[in-house]
Amino acid sequence: MGDMLEFNEIYQEVKGSWNDGRLRFSKQNVVYKSNKTGKVDSIPAGELNQAQWRRVCLGHGIKLGTSTGHIYKYDGFRDTDFEKLSEFFKLNYKMELSEKDMSVKGWNWGTAKFSGPLLSFDINDHTAFEIPLSNVSQCATGKNEVTLEFHQNDDTEVSLMEVRFYVPPSQTDERQDPVEAFAQNVLSKADVIQATGDAVCIFKELQCLTPRGRYDIRIYPTFLHLHGKTFDYKIPYTTVLRLFLLPHKDQRQMFFVISLDPPIKQGQTRYHFLILLFSKEEDINLTLNMSEEDVEKRFEGKLSKNMSGSLYEMVSRVMKALVNRKITVPGNFQGHSGAQCITCSYKASSGLLYPLERGFIYVHKPPVHLRFEEISCVNFARGTTTTRSFDFEIETKQGNQYTFSSIEREEYGKLFDFVNAKKLNIKNRGFKEGMKGNIDEYSDSDEDQHDAYLERMKAEGKIREEGNDSDDSDGSGSDESFNPGEEDEEIAEEYDSNASASDSSDEGDDSEDESAKKKKAKKAKVVKEKKERKPRKEKKQKDKAGPKRPMSAYMLWLNSSRERIKSENPGISITEISKKAGEMWRQLNKDEKEEWESKAGEAKRQYDKLKKEYKESGGGSTSSPRKEKRKSGGKKDEKKRKSSGGEKEKDRGGNDSFKSREFIETSDDSSSDSDHKSKSKKKKKKKESEEEEEEEAVSTPASSEEESD
């Protein structure tokens, strides 16, 4: 038996819902940590005075009682765990783990017993059910009835809202009403907030971001009262999980964040965080509404009756003393601008992301707190809108994803180093030096997606390394790109290339100056470059009459082994056959490959011999006359077009000042005539192309006959 026992997947009932966590027994204490909230319950071993082993709905459970009156229940154990726990309790806690049977008769008549914070309903000394009185939100009395109402839990599909107890009249003690006595026992331990007595202190007109507005905060010994113009909220200190004190990026304001579970409610809205915004320059003199002796006795030097300082310091100091929880502040992280936070956007709202020592917190709309323990992996992705920013994605173990977008590119290095130092799983790791050894941790992820992220982040890493130089070069490049003189030249060149695409537009214009003639010269160059590319395509054509090229050694082996691979792997696809064959070919030794390489060499020599004989017999030369005729036909067409263009220019005449009467009368219909001319020219071109094809068709048989002769 060791000095410690640990159990995973142990459940704790919280207002009707089961929260899983880890339970650890040691010589010094019993510690339970919830996986949902991260809240830790620590029970010193010296305070334990009761331990029961019970059969419950989730297998077996253990019930622990302390000398301070608290009761803790944990379920999810197995039958075999009883012996280990019983021996551990005897050895380390000097107490016996007793077995307690539950009543399963289903009777509704029994005895109500109040034992600390629990109301147990017993039937024949066996417990039928237990009600934690901290779950009670209201207690109402009738003539012989007591009605208990419970806090609603949003995490449960079905919630118990009300239970009624019939209390028979007592015949022994007539001076005390049994109904009132029952109700007083419930209210003494219930979570019913009653504003009795004076507040310890009051902070007036504090700016609150969630819920939005200005509130007077009244600090009571057991709860916090927010009093606004429209709404009032009463927050018990038992619902406070964590306290955060975060500096704003402008270094002039401070956020004070209170994490709540369960959250405060307003209609259907739930506020899991209470966020207060303070100015650093605002000071206050605070006097507690308690005597100095009471302050010293209750707070043990944490507070004093008269205090002065910054408003945010006073609020955080008072809350820390009353809630008895530590205040979390940012750690050693510093961004590009020296601030301890990063400006980003979450769900289309801009805010600040604070990397903490044990998690991330985003303020303020909506607030998000993510602990490192519940994070599965993080991901750095390129921004969707611009390359000057990137996105930071966080995936939790529950499958939720949080994307913080529009983060400045300069923050990437600092954030990556922080995430790497905290040993969080990075989804697209692999581009940073020293990270290559951890790539195997992501073997289950999609390889294609991983490679895509890798390429993206390599590009971003190069941009980040160039840093300041890239900013200077971007500025000079932008100045050069907006040079008006160069813009005009580029536009002119684009116009020239567009103009060269149509010959009819040049021929149909009535007025042309010398600049237009220069553009025609440029046009001819562009056409020549395009014509030079055409023969390259014709060279790629294969000679179907020639001998076929020989197969490689691998292809010869594959043809002989394909059927064997199919028989050994029935139902295999074509792509899988090629993959399988490649693996098998690589596994062959040199002797086995030499057989196929010799066959491939023999086939290559046979191919060279046949190819030589084919060329000597005149093979492969039949296509040359066609090419020559096409070239000659193309030259003739160019000559025809040039001659027709020159004749038209002569018809126009060189004197633009003189115009005939017919030309003047038909000037109004010039647009329609030009359209008609363009159509007629297209028809002529089609006819010419058809004539050329007919000439080729007639010429090819003749040439073949001559060759055969």
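Everything that follows concerns the structure shown earlier in this document.
Residues numbered from 1 in each chain as written. Predicted model: local features only at pLDDT ≥ 70, side-chain atom pairs only at ≥ 80, totals over all residues. Heavy atoms only, no water.

Draft legend 1. Molecular detail of the overall build of the protein. In terms of regular secondary structure, the protein is built from 16 helices and 31 strands. Sequence-distant contacts in the protein: of pairs separated by 6 or more residues, those separated by 24 or more amount to 46%. Carbon and sulfur atoms provide 46% of the accessible area of the protein, an area that totals close to 46300 Å². (Helix = DSSP H or I, 4+ residues; strand = E, 2+ residues; numbered from the N terminus. Contact = heavy atoms within 4.5 Å. Areas by Shrake-Rupley, 256 points an atom, 1.4 Å probe, with all protein chains shown as cover.)

Draft legend 2. Region of the structure containing the sheet that holds strand E12 (residues 136–141). As summarised here, the arrangement of the 3 strands in space is E12-E13-E14, forming an open sheet in which the pairing is antiparallel. This sheet does not close on itself; its edge strands, each paired only once, are E12 and strand E14 (162–166). The mean inter-strand angle of the sheet, taken between neighbouring strand axes irrespective of direction, is 20°. Most of the contacts of helix H2 (residues 178–189) go to E12, to which it runs at about 170°, and overall it touches E12, strand E13 (145–150) and E14. (Pairing = 2+ DSSP bridges. Axes fitted to C-alpha atoms, helices over the stretch in contact; angles between N-to-C directions.)

Draft legend 3. How the structure looks around the packing of helix H11 (residues 553–568) against helix H13 (residues 590–616). Closest axis-to-axis distance for the H11/H13 pair is 8 Å, and the angle between their directions is 110°. Here H13 runs roughly perpendicular to H11, going by the angle between their axes. In terms of crossing hand, the pair formed by H11 and H13 is right-handed. Facing H11, whose interface residues are Ala553, Leu556, Trp557 and Ser560, H13 presents Trp596, Glu597, Lys599 and Ala600. A class-by-class count of the residues in the contact of H11 with H13 yields 5 nonpolar, 1 polar and 2 charged. (Parallel < 35°, antiparallel > 145°, perpendicular 65-115°, else oblique. Left-handed = near helix turned anticlockwise from the far one by under 90°. Nonpolar A, V, L, I, M, F, W, Y, C, P; charged D, E, K, R; others polar.)

Draft legend 4. Focus on the environment of Val31. Relative to the helices and strands, Val31 resides in strand E3 (residues 29–34). Each C-alpha atom of the pair Val31 and Pro44 lies 8.7 Å from the other, and the pair is 13 residues apart in sequence. Aside from chain neighbours lying at most four places away, what touches Val31 is Arg22, Leu23, Arg24, Val40, Asp41 and Ser42.

Draft legend 5. Here's a closer look at the packing of aromatic side chains. For the structure on display, the rule yields 35 aromatic pairs. Centroid distance Tyr346 to Tyr362: 5.6 Å. Interplanar angle 70°. Geometry classified as edge-to-face. Taken together, the positions of Tyr346 in strand E25 (residues 342–346) and Tyr362 in strand E27 (residues 359–363) put the pair 16 residues apart, joining distant regions of the chain. Like Tyr346, the residue Tyr362 is buried in the burial classification. When the ring of Phe380 is compared with that of Tyr412, the centres are 5.3 Å apart and the planes differ by 85°; the resulting orientation is edge-to-face. Taken together, the residues Phe380 in strand E29 (residues 375–382) and Tyr412 in helix H5 (residues 412–421) connect sequence positions 32 residues apart. (Phe/Tyr/Trp six-rings, centres within 6.5 Å; stacked < 30°, edge-to-face > 60°. Buried < 20%, exposed > 50% of the residue type's maximum accessible area, 1.4 Å probe, protein only.)

Draft legend 6. Structural context of the packing of H11 against helix H12 (residues 574–587). Where H11 meets H12, the closest approach of the two axes is 10 Å, and the angle between their N-to-C directions is 115°. Here H11 and H12 pass one another in a crossing that is right-handed. Counted together, Ala553, Tyr554, Trp557, Leu558, Arg564, Ile565 and Lys566 of H11 and Ile577, Ser578, Lys580, Ala581, Gly582, Met584 and Trp585 of H12 form the full contact between these two elements. For the contact of H11 with H12, the class distribution of residues is 9 nonpolar, 2 polar and 3 charged.

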